[in-house]
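Understanding the architecture of this molecule
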Amino acid sequence: MPDKLNVLVFAGGLGLGAYHAGAYQAFPLPLHWCCGASVGAVTAVLIAGNRPEARLDALRTYWEQDGAEPARRTAGPSRHAFAWLSALGTRLLGSYPDAQQADHAFRESNGIRLVRRDA
């Protein structure tokens, strides 16, 4: 096991899920772990469940499948707008304080340090 692990954590929110393949493709380091919530968990499963050389194809196949189109039509534009506004609000205002404290405690107890590109 390396001294430092390279981890991708994928967010939930169906609108964001379509961008996960690009984030994975642009990740410049060898990937050791990945996880996610909601659609992010689907992305993580597609990455972890495939050989490295097949991962991008698996993600593209999932997002380009015909079965996704009827679901988008039935959800309607208002549901899509609500999902985007909800994701935007979470990113601008943060999540619940208890969840942030639990996340911080988990990272500290496991020696995980967040690295932000904008810092």
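Going along each chain's sequence as written, the residues are numbered from 1 onward. Only residues with pLDDT of at least 70 get local features here, since the model is predicted, and only at 80 or more are side-chain atom pairs given and counted; chain-wide, interface and lining totals rely on the full set of residues. Side-chain metrics in this entry use all non-hydrogen atoms of the structure; hydrogen atoms and water are not considered.

A few words on the pattern of salt bridges. A carboxyl oxygen of Asp or Glu within 4 Å of a side-chain nitrogen of Lys or Arg is what we treat as a salt bridge. All chains considered together, the criterion is met by two salt bridges. Close ionic contact of E53 with R51 constitutes a salt bridge, the shortest N to O distance being 2.8 Å. In terms of burial, E53 and R51 fall into one category: exposed. For the salt bridge of R60 with D57, the shortest nitrogen-to-oxygen distance reads 3.7 Å. Residue R60 and its partner D57 are both found in helix α4 (residues 55-64); the two are separated by three residues, about one turn of the helix. The exposure class assigned to R60 is partly exposed, which follows from its relative accessible area of 36%. Partly exposed describes any residue whose relative accessible area lies between the buried limit of under 20% and the exposed limit of over 50%, with all areas from a 1.4 Å probe on protein chains only and scaled to the type maximum. Helix and strand definitions here come from DSSP, where helices need a minimum of 4 consecutive H or I residues and strands a minimum of 2 consecutive E residues; each element is numbered from the N-terminal end.

A separate point is the side chain of R55. Take R55: it is sitting in helix α4. Positive charges are assigned to Lys and Arg, negative charges to Asp and Glu, while His and the chain termini are left out of the count. Nearest to the buried, unbridged R55 among oppositely charged side chains is E53, at 7.5 Å. Polar contacts, as counted here, are pairs of nitrogen or oxygen atoms within 3.5 Å of one another; within protein the pair requires one atom able to donate a hydrogen and one able to accept it, and residues that are adjacent in sequence qualify only if both atoms are side-chain atoms. Engagement of the side chain of R55 in a polar contact is seen with the backbone oxygen of I47, the distance being 2.8 Å. When checking whether two residues touch, look at their non-hydrogen atoms; a contact exists if any pair is within 4.5 Å. For R55, the residues in contact, after removing those within four places along its chain, are Y24, L46, I47 and N50.

Coordinates in, geometry out; function isn't part of it.
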